[in-house]
Structure formats: C-alpha cells, structure tokens
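# Tertiary structure, described
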Amino acid sequence: MDLKIRHVRKDYGVFPALNDVSLDIRSGELVALLGPSGSGKTTLLRAIAGLETIDDGEILFGDEDAVGWSVQERNVGFVFQHYALFRHMKVFDNIAFGLRVRDRSRRPAEADIRKKVTGLLELVQLPDLANRYPAQLSGGQRQRVALARALAIEPQLLLLDEPFGALDAQVRKDLRRWLRQIHDETGHTTVFVTHDQEEALELADRVAVLHKGKLQQVGTPDDIYDRPATPFVYSFIGDSSSLPIHVRKGEALLDQTVIPVGSVSGPDGEARLHIRPQDISLQAVGQGVQGRIALLRRNGAFRRADIEIGADRTLIEAQIPPHLEVSEGDQVGIHFERFAIYPSGSRQSI
Amino acid sequence: MLPGFGLALGFSWFYLTLMILLPLAAVVLWTASLGPARILQIASDPRIFLALRLSFGLSLAAAAVNAVFGLLLAWTLTRYDFPGRRLVDAAVDLPFALPTAVAGIALAAIYAPNGWVGSIVPFKIAFTPLGIFVALVFIGLPFVVRTVQPVLSDLDQGLEEAAATLGANRATTIFKVVLPTLTPALLTGFALAFARAVGEYGSVIFIAGNIPYVSEIAPLLIIMRLEEFDYGSATAVATMMLTLSFAVLLFVNLVEAWSRKRLGHAY
Amino acid sequence: MPTDLAIAALSPARPKPALFTSPVTEAPITRALVIAVSLAFLAAVLLLPLLAVFTEAFRGGVAKYFESLDDPDTWSAIKLTLIVTAIAVPLNVVFGLAASWAIAKFDFRGKSIMVTLIDLPFSVSPVVSGMCYVLLFGAQGYFGKYLDSINLQIIFATPGLVLATIFVTFPFVARELIPLMQEQGSTEEEAALSLGAGGWRTFWSVTLPNVRWALLYGVLLSNARAMGEFGAVSVVSGHLRGLTNTVPLQVEILYNDYNFVAAFAVASVLASLGLVTLVIKSGLEWRFADQLSASRRR
C-alpha cells in the first residue's frame, strides 16, 4: 500500500514537533526516518500509526485519508522500541493476540490462528520458543517476537520505532540484515525510525532526514551521503568540516583571496563551505588554499590531519594517505575536490 | 571500614530481643504448653468458633471490596487529572492517620439507626456484622491503593499502545493487558488489607455491637478472656487467628509468586 | 466585510480531522464515571467519618466543646499519652538509627532475619501485641509472681502502656531509614573518615543530615501511632480513670458513658493530630521526595 504524508503539522505548545512534513512512500518500500533526538521522527511514526493526533495535514493510506481513523482501524503493525511484549502471556499468545481480539465475524478459527502463529514463529526463526514467557527471552529474541506479533495482523504498513536501539552492537548488526531479508520476503511497506545513520544508510531503500520537525531531505542512501540538500544533512551524515567564506559574483573567497574551485552558484554574501575529509587533497605549498598542519593522527587505514586555514585559523579535517611525508607544523596547499556551499543566513543553516 | 558496627549491631539485637522477641516468645511458649488438642478444643467452643468465622469472613469480604474500589481509586489517581487530585491522594492515608478509636466512634455515629447513613437505609448497619464490614473496608482501603498505585504509574504505556495497534479496543486492552499485569500488586494489596482487618480492634469495636454469637470479633474475645485471667483461652484464640491468617496469606503469596514468575518482573 | 473575506481566502477552510480518542485513555464519559465512582467511594468511606467527628464534637456549640474537654480525667489522659509517647518514640528512634546503621553499612549473618523481625509488629494484631505483655507480666503471666513479690506493677500501669506502644510503633523509624541508607551507600562516610573525622563526628555531620527528612517522616508516623494507639494499650491499661487511661482510651470511656459530646470533642483533638500528621507527611513527600525512602516518593 502507498503511504502519502501531506503537509503534516503537529504542535507541542509553541514548538512544532512536525512542521509541514510531506513524504510519499511507495508500496513495498523500506524507508528510514533518520534524525537526532527531538527531530520529530518518532512523532511522525506515531502519527502514521494513529498513536498521536496531528494538528493539520493529511495522511493517506492508499487513496484514503486515514487521519480520522482510530489506531485499531488503521491496521498497522507497530514494533515498539522496548517491544512492549505482554509479560503475562506466552510468546504464542503474544503473537496470537491481534487475531484473538478481532470481532467474532473477522476472527479466524483457533486452528487457523495456531497455523498462522506457527508460521510466523518459523519466519522469525524462533519455532521452539512458543511456550516461553517474554521474561525468559534475550533482547534479540524479544525483538523477533515483537515483529512476529506485528506481522500477525497482516498489517497494511509495518512501523518500527528504533527497532535495534535496545540491543548490543553484534546482535544489532545481525538483526539488521535479517530484517532486510524479512522485508524482502514479505514485501510490507515498512517505515522505521532510527538515530543511527549507519543503520539507516545500510538498511533502507530511501532515507528521510528530519531536523527540528522539518523534513530536510528524502533520497536514496547515495543521494543523502553524496548530495546532501541542506547544511544540516551535510554535517549530520558522515564527517565534515565547515569553513566561513564569502561569495562574490560566482567566486568563493577566503579572506579576500579567491579559492581556486571554479565558479560557484548561489547569492553573493556570507556563506559556509562544507567539505568531507576524503574530498580534500594536499598539494605543494603555493598551490590551492594555504594552510598549516596543526595535528596529525592515525585513523584506520588513513591518517587524519587538522589543518589551520585562513586568518581565523579555522580547523578543517583532511584524510591523507599514510605514506605521504608530512608532519605537524608543515605548510601545505589544499585542494577541495568536492564540496557544498550554503549561504549563511539561510533558514536551513544549522 | 566504618566504625560503630559492634555497638550498633549489639544494641539492635538487644533491643529487638527485649521488645519484640521476648513478648512473642511468651505467646509461642504459652501456645506450646496448651498443645494443639487443647487449642482446637477451645476454638471449637461455639462462641469462639463463630467469632473466628465472623472475623475471617468479613475480613475477606472487606479486602475484596477494597481490591475493587482501591484499584478504581488508584486508577483515578494515576491516570486522570482533575482539580484537587493531590488532596484526594493525601486523603487516601486518612485511615492510617486517624486513630482507630476515633474512626470507630465516628463510624458508629454515622451508621447508627439515627445517624447520617443509618437513618436513610431501610436496614440496620451499626451493631450488626454489616457494621463490622463497613469498618473493615475503612481501615483496609489505603493498603490496596498504595500497593497498586506505584505499579500502575510505572506501567509501560507501550503495552496499551501495542494492544491498540493490534486491534484491541479499550476494554479488551484493560481486561486482557493492563489488569493481568496489575494482578500481583492487587493480590499484595488484598493480602495486606485482609491481614490488617483480621486483627483490627479499635475501629470495629464501637460499631460491632459485640453481641455474642452474632457480632463478636475474635480480638474482642481475646481481651475478654484476658480480663477474666483466662490466658489459655486468649492465647488459643490468638494462635488460631495467627494460623488462619498465615494460611490465607500463604495462599495469596503462592498465587502472587506464580503470577510474578510469569511476569518475570519483581515489582 | 472585505478583510474577513481576505483572511478566509488565505486560510482555506479545511475540515478539521475527525477526532478519535487517544488509544491509551478512556472515552470522556467512562473517565467521568470512573472518577465519580471512586471519589464518591472515597468520600463515603473516608471523609464522612472525619466530618462526623467534628460535627458531633460541636453539636452542643463551641462553649460546650471546650467545656467538655476541660475534665480532670481527660487532662490526666493527655498527660499520660504525652509521657508514654515521650518515652516510646525516642527509644525507637535510637533503635532505628542503630539498626539502619548496622544493616545499611555492614554485612553480617542474620541481616535478613533482622529486617524481617523489624517489620513483624506490623503484621501482629494490636490486641495480640498487648496480650504478649500480659502473658509475660500479668498476674497469671510468666513473671507475674516475681513482679508481685518485688511490688513492681507493669500491666495495668504506665510501664505496660510504654511497652505496648513501643511494640506497635517499633518498625516506623527503622523502615524509613534502612532503604534510604542502603541506597545512599557508605562513600560519603568513608570520605569523611579519610579526611580525619571521627566515627561520631561522621555520624552527626554526614549520615544524620543525609537522612534527616526520612527520620522526621518516621518520627511523625511513630508519634501519630503512639498517641492514637488503642487496641494494644487497651489490653494492658486496666482502664483506671485518671491513672492508666491514654487519650484514645478516654474517648472509649466517655463514649461508653453516653457522654457523646465529650467523647467526640476528645476524638476531634486526636483527629486534628492525625490531620496535621497527614499534612506534614504529604508536604514531606512532595517537597523532599528525593530524600525519603523510595517507596514514599510520589
């Protein structure tokens, strides 16, 4: 089922938790809502589920406006951050819950419920744990049960709130791949919330980045990483440095000196240049922008250098090959291979 | 290592022994000297038997009523906001704060045939077992509220939301998800209210009427036997009270341990 | 009006989203019903008796109220209650401090037994608590003959009242202090000792200030119970007017004499004491929640 979110607004007091958010999610897609805490990502997820009311906008399930529908009517599978398993019910009864609470007219026969739950237990690879209580399971197992329970109601949409947030690193990685597999097998339209960019980029077909209740960018992981639409996305995803510059007639200036990067777009005035460490290359002194290596340190297969540039001695981070012979205190020339320039006073600046 | 261990522990054991263990040992010794046969013989005296039955029956009934209304009150106090909520919350402890004799004469005045309530109901409350029941409800209520309240306010809201997303309506959510989670706390509250009711004296004695074979509670019989210097009978009644209370509490504790085990969580 | 029209055009009239009830609360009608039923129950069961005490006490007017309070037997009952409380509560405070120091700061064999024993008096019927002392010190009790021979009376005298009061108020202070001191650990005391403070100094200037509100809380509850106890003292008192009657026993005697106004007048004094206790207790729970044992935090 397609999910369309149109101009959704939600206020908490004077502060908008969601500010004119619009997002289209195609049937069968796996989409991540990514953002720091307080960005509104969980609020958006809960609004889709009907756990939160919205103040304005539309949420379309297919072509129908679902805003007036109750949670029960929306038929979404929701996996809670701490799983919210019913502690007094065995795993089996937890998964069967959504089927057993249906009206008599829509409730499957007990034998069918049994078959369905058994199938789901196999899908989540826990066929032997039907008679355990949640307290007797590990974190990863609880996660799987929560997912099976959500899938049992044959939801139109699968929503997951920080699905891996409460797990330790190794289990998290395994479950991530496994969730992708389940998604590909079952084909549910799936939206999950995360604050972990690695998780979002690795798992999702498309990522929606939120910040302070506003949607910053929606795109494939490559779009988000390589073509950040806003300074926030640039700095939130991956490592980057930013440098105060001045734009005049298509040229970027640092302390009145033209940065040799060709012509740049954007209005004249104060601006910031954002650049990732791996998009900087070192050159001989005199070429490119002049700087001084303030600090050198090892970083995995490469080295990282903090380079002071400009009159303000702004530090930018560069990735340099380990064999390059430089040392702290050296003067160097710097070339910016790929970068982005955003006007300073723009609303999207951070 | 901090100082003062020897002094603190020594004094604690000394005081505890003198004030608690020695007096309780007297009961144990006296019970032992009577022997089970003699105790059962005393307890089977119709007057004592009826008093014990009355005390236990009414205490169970009052604790059950308190479990229902205590739960409702705890729900109201934790889930809803309304003007004066804090005041109501504080008022729940009134039975703890009001001396039992004060509560006793007040209840007797209200439920007597010419009292505020007694004059409008078509049947007698004060000076009947019903009056005793009213007093036991009064003193037991805070036990249920105060054990259920913290559990209810710590309950993960996600549980109820999960039930809703799975299609359960509100009533189903409450009866299938919330109440089973509260069961251990509710049982604890029930047990505490029951235990208190069985031994209660001050608030009951004025409203009970104390009619032999009809509205005489077990603690009153203990006092009467002591006043007659019949320590043996008094001890026998006390021992029966303790034994029966213990049996009820053991049962409640077993049920509670069983549901706690299922929940896998210590509240 | 043109202005209104302009504004209307700027914000096109969208139908407000239909309201659905939040999934974790009840429909307003259910909610109102639950509040109404539970508050009505509370009012009928708890508030009505309180109201009755004061109504009955002032039935004959204010002058009659004070007149009936001014009775020599009542005054001696008040004096006796104050004496009993003034002995029992401080003793239990000393015990509470010693026991919580030992239990919270040290490990020793029998610790859990001690904790269980401390709570024991709460699960013993007040009448049985009183009976214990009669079995020990009464005329037919274990030490009855001996006490008679040295002419010392415990039962039907002040010592019996004190003992019974200590028994029923025994756990109050200790059970407030033990969990709090366990939670606080010993690091602050160890720091004080390492800085050169002596044991007593450490106790007075580090431990005691840290638990002062919990101690006050425990004292408050002990005090209220000590002054209001009825069942246990009833067994050991002997009801000698002007001699071994505490205030609650005096209420009983006046009531049984059909002197209702006086009985309720004295009861109203006790009820006021209970109300003051409740107010201070709630105040402590709201204001110093973090400095009370966890079960008291709201």
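Residues numbered from 1 in each chain as written. Chains lettered and ligands numbered in written order. Predicted model: local features only at pLDDT ≥ 70, side-chain atom pairs only at ≥ 80, totals over all residues. Heavy atoms only, no water.

Let's shift gears to the domain arrangement of chain B. Residues and elements named next belong to chain B. Taken domain by domain, chain B holds domain 1 (1–34) and domain 2 (36–263). One C-alpha centre belongs to domain 1, the other to domain 2; they are set 30 Å apart. Tallying the contact residues gives four residues for domain 1 and eight residues for domain 2. Carbon and sulfur atoms make up 78% of the surface buried where domain 1 meets domain 2, a total of about 560 Å² over both sides. (Domains from an automatic or database assignment. Contact = heavy atoms within 4.5 Å. Buried area = accessible area lost by both parts, 1.4 Å probe.)

Moving on, we get to the interface of chain C and chain B. Across the contact, 90 residues belong to chain C and 81 residues belong to chain B. Around 7600 Å² of area is buried between chain C and chain B when both sides are counted, 82% of it from carbon and sulfur atoms. Inspection of the region where chain C meets chain B yields two salt bridges. The partner of Glu26(C) in a salt bridge is Arg170(B), with the nearest N and O atoms 2.6 Å apart. The interface formed by chain C and chain B includes 13 residue pairs in polar contact (both at pLDDT 80 or more). It is helix H2 (residues 28–57) of chain C that provides the largest number of residues to the side of chain C that touches chain B, a total of 20 residues. Looking at the side of chain C that touches chain B residue by residue, the classes come out as 64 nonpolar, 16 polar and 10 charged. (Salt bridge = Lys/Arg side-chain N within 4 Å of Asp/Glu carboxyl O. Polar contact = N/O pair within 3.5 Å; in protein donor to acceptor, adjacent residues only side chain to side chain. Helix = DSSP H or I, 4+ residues; strand = E, 2+ residues; numbered from the N terminus. Nonpolar A, V, L, I, M, F, W, Y, C, P; charged D, E, K, R; others polar.)

Glancing now at the UniProt feature "domain: ABC transporter" (unreviewed entry) in chain A. UniProt records the feature "domain: ABC transporter" (unreviewed entry) at residues 3–237 of chain A, using the numbering of this structure. Spanning residues 3–237 of chain A, this segment combines 37% helix with 26% strand, and its end C-alpha atoms are found 26 Å apart. (UniProt positions renumbered as here; feature names shortened; annotations may be inferred.)

Quoted interface sizes are often the accessible area lost when the parts come together. Each partner contributes residues to the interface: chain A has 21 residues there, and chain B has 25 residues. Of the roughly 2000 Å² buried between chain A and chain B on both sides combined, carbon and sulfur atoms contribute 65%. Of all residues in chain A, Gln72(A), Arg87(A) and His88(A) give up the largest surface area on contact with chain B, accounting jointly for 35% of the area buried on that side. Between chain A and chain B we count one salt bridge in total.

This part takes up the sheet that holds strand S5 (residues 64–65) of chain A. The pairing of strands in a sheet happens through backbone hydrogen bonds and is either parallel or antiparallel. All names here are of chain A. Spatially, the four strands line up as an open sheet ordered S2-S1-S4-S5, and their pairing is antiparallel. The open sheet terminates on both sides in strands that have one partner only, identified here as strand S2 (15–25) and S5. One ladder, built from two bridges, connects strand S4 (residues 56–61) with S5; its direction is antiparallel. Each bridged residue has a counterpart across the sheet, and for phenylalanine 61 the counterpart in S5 is glutamate 64. Its contacts with the sheet put helix H1 (residues 41–49) on strand S1 (3–12), S2 and S4, and the angle it makes with S1 is roughly 115 degrees. (Pairing = 2+ DSSP bridges. Axes fitted to C-alpha atoms, helices over the stretch in contact; angles between N-to-C directions.)

Residue and element names in this part refer to chain C. At a closest axis distance of 9 Å, the pairing of helix H6 (residues 126–137) and helix H8 (residues 158–169) adopts a crossing angle of 140 degrees. One way to sum up the angle between H6 and H8 is to call them oblique. Between H6 and H8 lies a crossing whose hand is right-handed. Contacts from Ser129, Tyr133 and Phe137 in H6 reach Leu163, Ala164, Phe167 and Val168 in H8. Residues belonging to the contact of H6 with H8 are distributed by class as follows: six nonpolar, one polar and no charged. (Parallel < 35°, antiparallel > 145°, perpendicular 65-115°, else oblique. Left-handed = near helix turned anticlockwise from the far one by under 90°.)

Let us now look at the nonpolar core. Ranked by internal contacts, the top residues of the largest apolar core, which has 232 residues, are Ile222(B) and Ile118(C). Apart from the residues within four sequence positions on either side, Ile222(B) is in contact with Ala234(B), Val237(B), Ala238(B), Met241(B), Val127(C), Val128(C) and Met131(C). In terms of nonpolar packing, the next biggest core, distinct from the first, is built from 46 residues, Ala96(A), Leu126(A), Leu129(A) and Phe232(A) among them. (Core = buried A, V, L, I, M, F, W, Y, C linked by side-chain atoms within 4.5 Å. Buried < 20%, exposed > 50% of the residue type's maximum accessible area, 1.4 Å probe, protein only.)

All names here are of chain A. When its domains are assigned, chain A resolves into domain 1 (3–234) and domain 2 (240–349). Using only C-alpha atoms to locate each centre, domain 1 and domain 2 end up separated by 40 Å. Residue-level contacts link eight residues of domain 1 with 11 residues of domain 2. Summed over both sides, the interface of domain 1 with domain 2 buries roughly 930 Å², with 49% coming from carbon and sulfur. Contact with domain 2 buries area across many residues of domain 1, yet Tyr225, Pro231 and Tyr234 alone supply 71% of it, more than any other trio.

Time to look at the packing of aromatic side chains. Taken as a whole and assessed by the stated rule, the structure comprises 33 aromatic pairs over all chains. The interplanar angle of 40 degrees and the centroid separation of 5.9 Å between the aromatic rings of Phe206(B) and Phe230(C) together place this pair among those described as tilted. Taken together, the positions of Phe206(B) in helix H9 (residues 202–208) and Phe230(C) in the loop between helix H12 (212–228) and helix H13 (231–237) put the pair across two chains. By relative accessible area, Phe206(B) is classed as buried at 7%. On the numbers, 6.0 Å between centres and 80 degrees between planes, the contact of Tyr258(C) with Phe260(C) is edge-to-face. Residue class for Tyr258(C) comes out exposed when judged on its relative accessible area of 67%. The rings of Phe5(B), Trp101(C), Phe106(C), Phe108(C), Trp200(C), Phe203(C) and Trp204(C) are connected pair by pair, giving a single aromatic cluster. Across from the ring centre of Tyr225(A), 4.5 Å away, lies the NZ or CZ of Arg276(A), which sits over that ring. (Phe/Tyr/Trp six-rings, centres within 6.5 Å; stacked < 30°, edge-to-face > 60°. Lys NZ or Arg CZ within 6 Å of the ring centre and 35° of its normal.)

What follows covers the pattern of salt bridges. All names here are of chain A. Scanning all chains against the criterion turns up 42 salt bridges over all chains. One salt bridge connects aspartate 63 with lysine 4, and the closest N-O pair in it is separated by 3.7 Å. Separated by 59 residues along the polypeptide, aspartate 63 in the loop between S4 and S5 and lysine 4 in strand S1 bring together distant segments of the chain. For aspartate 196, the salt bridge goes to arginine 176, with nearest N and O atoms at 4.0 Å. You can see aspartate 196 sitting in the loop between strand S8 (190–194) and helix H7 (197–203) and its partner arginine 176 sitting in helix H6 (residues 169–186), a full 20 residues away along the chain. Under the relative-accessibility criterion, aspartate 196 is labelled buried at 18%.

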